Amino acid sequence: MNIQKIDVLKRVNLGRGHCRRLRKGGRIPIVFYGKNRNEIYSLSEPDFRVMSSGASLVELEPDEGEASLALVKDIQRDPCTDAILHVDFIEVTRGEELQTRIPLIIIGEAQGVKMEGGIIDAMARDIEIRCRPSLLPSAIEMDVSELNLGDSLHVSSLPQLEGVTYLGDPDLTLVSCVGSASGRAEAEDDIGEESEEGEESEESEEGEEGEDGDSTDEG
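1. Description of the sheet that holds strand E4 (residues 57–62)
Phase 1: Ordered by their spatial adjacency, six strands build a closed barrel running E1-E3-E2-E6-E5-E4, and the pairing between neighbours is mixed. Each strand axis lies, on average, 45° off the axis of its neighbour in the sheet, ignoring direction.
Phase 2: Across seven bridges, the pairing between strand E2 (residues 27–33) and strand E3 (residues 38–44) is antiparallel. Residue phenylalanine 32 lies in a different strand from E3, and its bridge partner there is glutamate 39.
Phase 3: Here helix H1 (residues 16–24) sits on the sheet in contact with E2, E3 and strand E6 (84–91), set at roughly 125° to E2.

2. What about the sheet that holds strand E10 (residues 140–143)?
Phase 1: Sheet architecture is open: four strands sit in the order E10-E7-E9-E12, paired in mixed fashion. Strands at the two margins of the open sheet, each flanked by one partner only, are E10 and strand E12 (165–166).
Phase 2: In the sheet, strand E9 (residues 126–131) pairs with E12 via two bridges, with the strands oriented antiparallel. Along E12, the bridge assignment pairs isoleucine 129 with tyrosine 166.

Quick notes on the rules
Residues numbered from 1 in each chain as written. Predicted model: local features only at pLDDT ≥ 70, side-chain atom pairs only at ≥ 80, totals over all residues. Heavy atoms only, no water. Pairing = 2+ DSSP bridges. Helix = DSSP H or I, 4+ residues; strand = E, 2+ residues; numbered from the N terminus. Axes fitted to C-alpha atoms, helices over the stretch in contact; angles between N-to-C directions. Contact = heavy atoms within 4.5 Å.

Below you can see the structure in the form of structure tokens.
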């Protein structure tokens, strides 16, 4: 597995003002949560942005001390600009299993979309897994090509990867092929029209029966 190395600089100062100055200078404040220590650093924003957006396993190389294998735990972003404000890393030990969430990626075009006018409804964006660091995938692909209208993929449908264990309910639905909103609206309109026609027919029949009854009385 190719692990990206990132240079980090030890931070001495704390506080919002210091963090703002770091970000203006093109650096991101980070916290590294180790098993026996918690340390504060900063890293270059361009270096961080080239990392995978998935389960990012990296090697942090400080200006002082030894390098550490780490996993991105949390990314804080500005809600307006989407700028990265802060990143938390957790220490990873080689040879020991880790537990984390990684993205799910949909590939292929479902038969129910091509042939039946359906749409793909993704109910989960990531999945929790357990594996060794060297076997950590960047993402899990879900092939929806064979899905017909009404079909679904579950956790148990995910591809089996060496050394990777999917956590959670195997029957949990991750993605489904469902009818499109327009298709459902058309079906509801058809049902409504049929209902109206049925009511009109009943009213017509009741009217005819009433007329027949009146003529009989007059006779």
